[in-house]
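# Fold and geometry: a report
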Amino acid sequence: MYGSDGINDDSERTAFRKTEKKYKLYYDSNSKSKSSKKKKQPRPVDLSEVIDFKSILESFARNGDLPAGISKLQYQFDKPVFCLDNCPGFYFIPAALSMEEQCRWIKESLVSFPQPPNRTNHHAFYGAIHNLFNAAKSKQVLVKEDITPGEDNSNALDVNYHNHRWASSEELDSYVNGNDFKPISAPVLLRKLRWSTLGLQFDWSKRSYNVSLPHNKIPDALRKLAKKMAAPAMAVGEEFQPEAAIVNYFGSGDMLGGHLDDMEADWSKPIVSMSLGCKAIFLLGGKSRNDEPLAMFLRSGDIVLMSGEARERFHGVPRIFTDVENAEIVSLEKQFSNEDDIDYLEYIRTSRININIRQVF
Ligand SMILES: O=C(O)CCC(=O)C(=O)O
Ligand SMILES: [Fe+2]
């Protein structure tokens, strides 16, 4: 899936890649110059063709109108579920999550989901890192564990990347850098957090689930939510089994290239995908990268289900909006207005989190 972006000469020419480039964040080249006092400006982008399920929901609620090609699923659910007539298996549930739910899952995504045994993108380089969010809050620094001469350090030396620890910045002043590890600040590591995996762990190098890796079950509350949200895409009498989840963290300029999620056994089961934080553009392509993708906005609280045929379609996220007009997170910001929540607020103002939950077997 990730890493399968395959950006080479051929993929540069596909319809999917072209649309990615259309929406991707670029800065106007002349405004980047150091001598220029002006703040660099994002290149303006034409959003007129982006499907907007928020306004679709609003006009549907007002007068029952829907644009051509979009229908409301005939299914008893507490929110309208929309489908695309020419894309069976794709479902969009706008504003599916309450503000409280959004806040809860943002906090969990930052505090508990990156905790070992869950892996993150930092694992390959640093090994298991505990308490990243709190360390970032208190501006700590990751250093290599001191090896005390004379003590039995065989374990620490053995697992050479499990011997990091957090240090305060005062402590860092007296830290003797006796090895080639450059101390790295927790806020930087938090900013560079790109994914964490819950439940069964995915091995990116082998592009498969590795059931032998230590893991915790997906937390019950998230399992319950995923089961409820998956229901419109499930066959009658069947219940979704949430076994693994990938949490994606996006900052300004980050994107997720076009890909398929093809490592799960039964594609008739949906992937339940929740959006949190800044608004994004999602591209839903066809079975080939040469098919022109549809663009749609994803806002905090929206849920997308991809099951059956829809799972054979390339998709990706070329853009997140972190500017005040486009991010659309004012009400979310209000939820985090408590002084204790300042660090969540700071993070989410310029970030998007996506939690996508899968049945693996
Ligand atoms: O961020 C999103 O909305 C999509 C994520 C996704 O497609 C994935 O993780 O496979
Ligand atoms: Fe995906």
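Everything below is about the structure printed above this text.
Anyway, here's the lowdown on the structure attached to this text. (Residues numbered from 1 in each chain as written. Chains lettered and ligands numbered in written order. Predicted model: local features only at pLDDT ≥ 70, side-chain atom pairs only at ≥ 80, totals over all residues. Heavy atoms only, no water.)

### Some thoughts on the packing of aromatic side chains
Our working rule: Only Phe, Tyr and Trp rings are paired, with Trp represented by its six-membered ring, and only when their centres lie within 6.5 Å; those with planes under 30 degrees apart are stacked, over 60 edge-to-face, the remainder tilted. Only protein chains enter the accessibility calculation, which uses a 1.4 Å probe. A residue is then buried if its area is under 20% of the maximum for its type, exposed if over 50%, and partly exposed in between. Charges are assigned to positions over rings by a cutoff of 6 Å between ring centre and Lys NZ or Arg CZ, combined with an angular limit of 35 degrees from the ring normal.
Summed over the entire model, instances satisfying the criterion amount to 13 aromatic pairs. Both rings, one in Tyr75 and one in Phe77, keep their centres 6.0 Å apart while their planes meet at 45°; by these two values the pair is tilted. The exposure class of Tyr75 is partly exposed, given its relative accessible area of 33%. Each ring, one from Phe202 and one from Tyr209, has its centre 4.9 Å from the other, and the planes form 85°; the classification is edge-to-face. Each of the two residues, Phe202 as well as Tyr209, counts as buried. Through pairs of rings, three or more aromatic residues link up here, namely Phe53, Phe60, Phe82 and Phe92. Lying across the ring of Tyr27, Lys40 places its NZ or CZ 4.3 Å from the centre. Against the face of Phe297 rests Lys279, its NZ or CZ located 4.2 Å from the ring centre.

### Quick word on the sheet that holds strand S4 (residues 141-144)
Quick note on the threshold: Between any two strands, at least two bridges found by DSSP are needed for them to pair. Every helix listed is a DSSP run of H or I at least four residues long, and every strand listed is a run of E at least two residues long, numbered separately from the N terminus.
The strand order S5-S4-S6 describes an open sheet built from three strands, whose pairing is antiparallel. Both outer strands of the open sheet, strand S5 (164-167) and strand S6 (184-185), are each paired with one neighbouring strand and no more. The pairing of S4 with S5 spans four bridges and is classified as antiparallel. In the sheet register, Val143 faces S5, and the bridge partner there is Arg165.

### Overview of the side chain of Thr197
Our working rule: Within 3.5 Å is the distance limit for a polar contact, defined as a pair of N or O atoms, with the added protein rule that one can donate a hydrogen and the other accept it, and that residues adjacent in sequence qualify only through two side-chain atoms. Pairs of residues are marked as contacts when any of their non-hydrogen atoms sit within 4.5 Å.
Here Thr197 lies in strand S7 (residues 195-199). Side-chain polar atoms of Thr197 contact the side chain of Gln201, separated by 2.7 Å. Residues contacting Thr197, with those up to four places away along its chain left out, are Asn118, Arg119, Phe202, Trp204, Ala245 and Ile246.

### With respect to the packing of helix H3 (residues 99-111) against helix H9 (residues 220-230)
Helix packing for two helices is described by the angle between their axes and how far apart those axes are. Which entries qualify depends on this criterion: For helices, the axis comes from a line fit to the C-alpha atoms of the stretch in contact; other axes are also lines fit to C-alpha atoms, and the angle between any two N-to-C directions lies between 0 and 180 degrees. Roughly parallel means an angle under 35 degrees; roughly antiparallel means over 145; roughly perpendicular covers 65 to 115; every other angle is labelled oblique. Each crossing gets its hand from how the near helix is turned against the far one by less than a right angle, where anticlockwise is left-handed and clockwise is right-handed.
Relative to each other, H3 and H9 sit at 130°, their axes nearing to 12 Å. Taken together, the axis directions place H3 and H9 in an arrangement best described as oblique. Considering only the axes of H3 and H9, their crossing is left-handed. From H3, Glu101, Arg104 and Trp105 reach across to H9, where they touch Ala221, Leu222 and Leu225.

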